[in-house]
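# Commentary on secondary and tertiary structure
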Amino acid sequence: MKLIRLLLLISIFTQPLRSFCWGGEGHKLIGNVAYHYLNPGVKDSLKFYLGSVSLADAGLWMDEMRKNHEYDYMKPWHYINIRQGESYKPDTGQNVINEINKRIDHLKHRNLCSKEQVAVDIKILVHLCEDLHMPLHAGYASDTGGNAIHITFMGKPTTLHWAWDNDIMLQQHITVDSCLALLAMFSEQRIKEERRADIVGWMNESRSLLPNVYDYKGDSIDVAYADKNAPIIKLRLALAGLRLSELLNELFRAKTN
Ligand SMILES: [Zn+2]
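Everything quoted here is computed from the prediction, not taken from an experiment.

Here we take up the overall build of the protein chain. Secondary structure assignment for the protein chain yields 13 helices and three strands. Within the protein chain, the fraction of its 257 residues that count as buried is 49%. Contacts in the protein chain between residues far apart in sequence, at least 24 positions, make up 77% of those at least 6 positions apart. Counting every atom, the protein chain has about 13,300 Å² of accessible surface; 56% of that belongs to carbon and sulfur. Across the protein chain, the 30 positively charged side chains and the 30 negatively charged ones have centroids separated by 2 Å.

In structure tokens form, the structure reads like this:
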């Protein structure tokens, strides 16, 4: 019995750290979609700064740093909370929009920064652009963006946030290829429009999806809910990749390093 208890304890403490963002798979998927649309010179620039870290893995850095309390100050950077019925009002507080804009500004002036600092700014920008496309990163403080909502999905305990981060994406087999196939169906005009770096617009889109997120009864979501919301999740992952690539193409087009 002692051995079983010990194994149980080990399994609990070695579980992946429950993320408050797209799960690692979601971040990697978006990074791979973005890489597909990067200009060749920009790929070289990113390689110069990131070294052996791929764009897909660059998006994981902020979550890896969650384990290190020295980086606790970054925790409010992953999201923005706005009360239900209210709309976004710009302020100077710490939130995902302000932090994305700061990284864009830093990267525009990267000739003033060390190579290491530029690498960190790229990693933060990648992660936060990815996060902002997840509807619950523009949710409500009252339930900490769905993290405080404990539900079951297909009988397994989870949270509403994690279901949207990870569970539905995996259950519905949403992949890099399926996201690229979706984008390939867009007209040239739509691709051009979707690529715009409208950070507040991305946030408003995420917010407009919250009624879908909260459209379930009781304390469980089922396959019908996942089937209904999978196209939304796939579109958000695909758009995050497309937009991230455009942002990086713009920022690194002028090769200052
Ligand atoms: Zn995050």
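Pairing between strand 1 (residues 150-153) and strand 2 (residues 156-159): four bridges, direction antiparallel. Following the sheet pairing, Phe153 is matched in strand 2 by Lys156. If you look at the hairpin formed by strand 1 and strand 2, you'll find two residues sitting between the two strands, and Met154 has a positive phi there, around 55°.

Another point: the state of the cysteines. Within this structure, the stated rule accounts for zero disulfides. You can see Cys179 has no disulfide; the closest cysteine sulfur is in Cys129, sitting 16 Å from it.

What follows is about empty space enclosed by the protein. Sizing a probe to match a water molecule and rolling it over the atoms shows the empty space that remains. Tallying each qualifying case throughout the model produces one cavity of 30 Å³ or more. Taken as a whole, the largest cavity spans an internal volume of roughly 40 Å³. Along its surface, the largest cavity is lined by Met62, Met65, Arg66, Tyr71, Asp72, Met74, Lys75 and His78. Classifying every residue of the lining of the largest cavity by side-chain character gives four nonpolar, one polar and three charged.

Buried residues of helix 11 (residues 199-208): Ile199, Gly201, Trp202, Met203, Ser206 and Arg207, and no others. Buried residues along helix 11 sit against helix 6 (96-108), helix 7 (115-132), helix 12 (210-213) and helix 13 (223-251).

What follows is about the nonpolar core. Leu46, Ile100, Ile122, Leu125, Leu248 and Phe252 are the most contacted members of the largest nonpolar core, which totals 39 residues. Contributing elements (two or more residues each) for this core: helix 3 (40-50), helix 4 (55-58), helix 5 (61-64), helix 6, helix 7, helix 11 and helix 13. When residues of this core are assigned to their parent elements, the largest contribution, nine residues, is made by helix 7. Setting aside its immediate chain neighbours within four residues, Phe252 contacts Val42, Ser45, Leu46, Tyr49, Leu107, Arg110 and Ile122. In this structure, Leu29, Leu160, Ile221 and Leu237 belong to the second largest nonpolar core, which totals 38 residues.

A word on the pattern of salt bridges. According to the stated counting rule, one finds 13 salt bridges in the structure shown. Glu205 is the salt-bridge partner of Arg236, the closest N and O atoms lying 2.7 Å from each other. Of this pair, Arg236 sits in helix 13 while Glu205 sits in helix 11, and the two are 31 residues apart along the sequence. A salt bridge links Asp215 to Lys228, with the nearest nitrogen and oxygen atoms 3.0 Å apart. Note that Asp215 is positioned in the loop between helix 12 and strand 3 (220-221) and Lys228 in helix 13, a separation of 13 residues in sequence. Taking the relative accessible area as the measure of exposure, Asp215 reaches 44% and is therefore partly exposed. Taking the relative accessible area as the measure of exposure, Lys228 reaches 45% and is therefore partly exposed.

Turning our eyes to something else, we now look at helix 8 (residues 160-171). Extensive coverage of helix 8 is indicated by the burial of ten of its twelve residues. Burial in helix 8 covers these residues: Leu160, His161, Trp162, Ala163, Trp164, Asp165, Asn166, Asp167, Ile168 and Met169. Backbone geometry just downstream of helix 8 places His173 in the positive-phi region, at approximately 55°.

Time to look at the packing of helix 7 against helix 13. Packing of helix 7 against helix 13 leaves a shortest axis separation of 9 Å and a crossing angle of 145°. For the element pair helix 7 and helix 13, the recorded crossing hand is right-handed. Across from Leu125, Val126, Cys129, Glu130 and Leu132 in helix 7, the residues of helix 13 making contact are Arg236, Ala240, Leu244, Leu247, Leu248 and Leu251. Residues belonging to the contact of helix 7 with helix 13 are distributed by class as follows: nine nonpolar, no polar and two charged.

Calculation notes
- Along each chain, the written sequence defines residue order, and numbers are assigned to residues from 1.
- Local features in a predicted model are, by the rule used here, given only for residues with pLDDT of at least 70; side-chain atom pairs are given and counted only at 80 or more, and totals for whole chains, interfaces and linings are based on all residues.
- Think of the side-chain values as coming from all heavy atoms in the structure, minus any hydrogens and water.
- Numbering of helices and strands runs from the N terminus; a helix is a DSSP stretch of H or I covering at least four residues, while a strand is a stretch of E covering at least two.
- Here's how the labels work: a residue is buried when its accessible area is under 20% of the maximum for its type, exposed when over 50%, partly exposed in between, all with a 1.4 Å probe on protein chains only.
- Here, residues are in contact when the closest pair of their heavy atoms is within 4.5 Å.
- To measure how exposed things are, a 1.4 Å probe is used in the Shrake-Rupley method; for residues, cover is taken only from the protein chains shown.
- When charges are counted, Lys and Arg are positive and Asp and Glu negative, with His and the chain ends excluded.
- Note on charges: their place is set at NZ of Lys, CZ of Arg, CG of Asp or CD of Glu.
- Being paired, for any two strands, means DSSP has found at least two bridges between them.
- Note on terminology: pairs of cysteine sulfur atoms within 2.5 Å are recorded as disulfides.
- Whether a set of points on the 1 Å grid over the protein atoms alone is a cavity depends on a 1.4 Å probe fitting there but being unable to get out, while an open set qualifies as a pocket with protein on both sides within 12 Å along at least five of seven lines; lining residues are those with an atom within 4 Å of a point.
- Grid points are joined across faces, edges and corners, and a volume is the space filled by probe spheres set on the points.
- Each residue gets one label: Ala, Val, Leu, Ile, Met, Phe, Trp, Tyr, Cys and Pro are nonpolar, Asp, Glu, Lys and Arg are charged, and the others, such as Gly, are polar.
- The set of buried Ala, Val, Leu, Ile, Met, Phe, Trp, Tyr and Cys residues whose side-chain atoms join them within 4.5 Å is what this entry labels a nonpolar core.
- A carboxyl oxygen of Asp or Glu within 4 Å of a side-chain nitrogen of Lys or Arg is what we treat as a salt bridge.
- Here an axis means a line fitted to C-alpha atoms, over the contact stretch when the element is a helix, while the angle between two N-to-C directions is reported on a 0 to 180 degree scale.
- Crossing handedness follows the turn of the near helix against the far one: under a right angle anticlockwise gives a left-handed crossing, and clockwise gives a right-handed one.

Limitation: the analysis is restricted to geometry and does not speak to function.
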